[in-house]
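Structural description and commentary
Residues per chain are reported as follows:
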Amino acid sequence: NEEAVVTRFHREFPLVSAGQSQKLLTYFRTSLWVRMPTKGIMFITEASVCYHSPPNIRIVIPFKLISNISKESALGLIPNSIKISAYDQPGSKKEQQYYFTFFSRDEAYSTLCQLWKMAIEQLANPSDDSSSPSC
């Protein structure tokens, strides 16, 4: 139910959903590997990737901190995963790796890459073509 998902996003991420550029654009049911797979929902806004899995896993990854998005294969065999690499904070050199497993990987990948490119282009110098990320 679409309305229930939107309500869940606002309940689980009140600070994110309160931001003007944080309108919920879409979502995907997915699993995130955190010591073991956790079933949850990836919420995608104009500025962030948010993930929630009950009871208490909440992750917010701002697009401006993402360094790479790539298609991966679960266990090296099943092409259904996406890896997001992101810096811990602005200016940090330490990266976190997030592995998500999807039923609709290509649609999620396309959406993530498009929004990531838009976020980077907004931060970059308009005359600097080298700043556009490649997915």
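It should be noted that the structure appears before, not after, this text.
Description of the structure in this document. Note that the structure is predicted; figures quoted are calculated from it, not measured.

Considering all chains together, one arrives at five salt bridges under this definition. Residue Arg11 is joined to Glu12 by a salt bridge in which the shortest nitrogen-to-oxygen separation is 3.2 Å. We note a salt bridge from Asp88 to Lys94, for which the minimum N-O separation is 3.9 Å. Asp88 sits in the partly exposed class, given a relative accessible area of 35%. By sharing partners, the salt bridges in this structure join Arg11, Glu12 and Arg58 into a single network.

Before going further, it helps to spend a moment on the packing of aromatic side chains. Counted according to the given criterion, the structure contains six aromatic pairs. With centroids separated by 5.9 Å and ring planes inclined at 70 degrees, the aromatic side chains of Phe13 and Phe43 adopt a geometry described as edge-to-face. Taken as a pair, Phe13 in the loop between helix 1 (2–12) and helix 2 (14–18) and Phe43 in strand 2 (residues 36–45) lie far apart in primary sequence, 30 residues in all. Judged by its relative accessible area of 4%, Phe13 is buried. Classification of Phe43 as buried rests on a relative accessible area of 0%. Measuring from ring centre to ring centre gives 6.4 Å for Phe100 and Phe102, while their planes differ by 45 degrees; the resulting arrangement is tilted. There is no split in this pair, since Phe100 and Phe102 are both buried. Among the aromatic residues, ring-to-ring pairing joins Phe28, Tyr51, Phe100 and Phe102 into one connected group.

The rules behind these values
Residues numbered from 1 in each chain as written. Predicted model: local features only at pLDDT ≥ 70, side-chain atom pairs only at ≥ 80, totals over all residues. Heavy atoms only, no water. Salt bridge = Lys/Arg side-chain N within 4 Å of Asp/Glu carboxyl O. Buried < 20%, exposed > 50% of the residue type's maximum accessible area, 1.4 Å probe, protein only. Phe/Tyr/Trp six-rings, centres within 6.5 Å; stacked < 30°, edge-to-face > 60°. Helix = DSSP H or I, 4+ residues; strand = E, 2+ residues; numbered from the N terminus.

Read these as spatial facts, not as claims about activity.
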